[in-house]
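Residues per chain are reported as follows:
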Amino acid sequence: MGDRLIGANYLHERFINEQFSVGAGAGYSYHQQYQFSALPVYFSTHYFFVDSRFSPFVNLKAGIYWMLGPKNIDTFLKYSISGKQPGFSLYVSPGAGVKVHLTSHIGLMASVSYDGYLVNAFDNAKNNYHTSMVPNLGINFGLCFQIPGW
């Protein structure tokens, strides 16, 4: 939903205790309606509500991104972006989901997230560009490995 984003992320976190982890990650996304690619680099954190085989969690990713190959620039049409981007290319993605351990060191994760990229987007109502978040509702699936000692 939103911008029709398709993407992939790599995330590496370390557990601070049995329920809380922090780390960093990077990704790639393609924004179909705004017609640009993005490379986000971010800090990440997860909080697992229980320390068990089946654990619901909340997470937050926040950082910056680099825009690549924008095509729909300064056209003054819906889903157009300005050639002048905000001074800070903010990326933020809060989410919630569940992790299921298949073994003690391998698990599957599924979550729903809101992915937001700060851009200068065209506003049809105001007939002008303004700084706003390009929103996306993400459905995410992942494979996780817990390295002993991490």
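In this text the structure is predicted, and so the values were computed from the model without any measurement.

Visitor: Give me the overall build of the protein chain: which residues, what numbers.
Guide: Secondary structure assignment for the protein chain yields zero helices and seven strands. Reading the protein chain from its N end, one meets helices and strands in the order β-β-β-β-β-β-β. The principal-axis extent of the C-alpha atoms belonging to the protein chain is close to 55 × 25 × 20 Å. In the protein chain, of all internal contacts separated by at least 6 residues, the share reaching a separation of at least 24 is 59%. When the accessible surface of the protein chain is totalled, it reaches about 8,600 Å², and 65% of it is carbon and sulfur. Across the protein chain, 9 positive and 7 negative side-chain charges occur, with their mean positions spaced 5 Å apart.

Visitor: Quick rundown of the sheet that holds strand 1 (residues 5-15)? Include the residues and the values.
Guide: By way of backbone hydrogen bonds, the strands of a sheet pair with one another, either parallel or antiparallel. The seven strands are arranged 1-2-3-4-5-6-7 in an open sheet whose pairing can be described as antiparallel. The open sheet has two edge strands with one neighbour each: strand 1 and strand 7 (128-145). Between one strand axis and the next, the sheet turns through 20° on average, direction left out of account. Bridge analysis of strand 5 (residues 90-101) against strand 6 (residues 106-123) gives nine bridges, and the strand direction is antiparallel. Bridging from a neighbouring strand, V100 pairs with L108 of strand 6.

Visitor: Report on the pairing of strand 2 (residues 20-31), specifying residues and quantitative values.
Guide: Pairing geometry for strand 1 and strand 2, over eleven bridges, is antiparallel. Paired with E13 across the strands is G23, a residue of strand 2. What sits between strand 1 and strand 2 in their antiparallel hairpin is a turn of four residues. Where strand 2 meets strand 3 (residues 36-48), ten bridges bridge the pair, whose relative direction is antiparallel. The partner of G25 across the bridge, within strand 3, is Y42.

Visitor: Mind laying out a nonpolar patch on the surface, listing which residues take part and the relevant values?
Guide: Side chains of I16, F20, V22, Y47, F49, V50 and V58 sit close together on the surface and give an oily, nonpolar patch of about 560 Å² of accessible area. Topologically, V58 is positioned in strand 4 (residues 54-68).

Visitor: An account of the packing of aromatic side chains is needed here, citing residue identities and associated values.
Guide: Here the distance between the centres and the angle between the planes together describe a pair of aromatic rings. Taken as a whole and judged by the stated rule, the model has seven aromatic pairs. Summarising the aromatic geometry, the rings of Y47 and F49 are spaced 5.4 Å apart at their centres and angled 85° between planes, so their arrangement reads as edge-to-face. Taken together, a centroid distance of 4.9 Å and an interplanar angle of 45° make the contact between Y91 and Y117 tilted. With Y91 in strand 5 and Y117 in strand 6, this residue pair connects regions lying 26 residues apart in the sequence. Pair check on accessibility: Y91 and Y117 agree, each one buried. Members of the aromatic cluster, each reached through a chain of ring pairs, are Y42, Y65, Y91 and Y117. Just above the ring of F48 sits the side chain of K99; from NZ or CZ to the centre is 4.3 Å.

Cut-offs applied
- Residues numbered from 1 in each chain as written.
- Predicted model: local features only at pLDDT ≥ 70, side-chain atom pairs only at ≥ 80, totals over all residues.
- Heavy atoms only, no water.
- Helix = DSSP H or I, 4+ residues; strand = E, 2+ residues; numbered from the N terminus.
- Contact = heavy atoms within 4.5 Å.
- Areas by Shrake-Rupley, 256 points an atom, 1.4 Å probe, with all protein chains shown as cover.
- Lys, Arg positive; Asp, Glu negative; His and termini not counted.
- Charge placed at Lys NZ, Arg CZ, Asp CG, Glu CD.
- Pairing = 2+ DSSP bridges.
- Axes fitted to C-alpha atoms, helices over the stretch in contact; angles between N-to-C directions.
- Patch = residues over 30% accessible without salt bridge, like charges linked within 9 Å, V, L, I, M, F, W, Y side chains within 5 Å.
- Salt bridge = Lys/Arg side-chain N within 4 Å of Asp/Glu carboxyl O.
- Phe/Tyr/Trp six-rings, centres within 6.5 Å; stacked < 30°, edge-to-face > 60°.
- Buried < 20%, exposed > 50% of the residue type's maximum accessible area, 1.4 Å probe, protein only.
- Lys NZ or Arg CZ within 6 Å of the ring centre and 35° of its normal.

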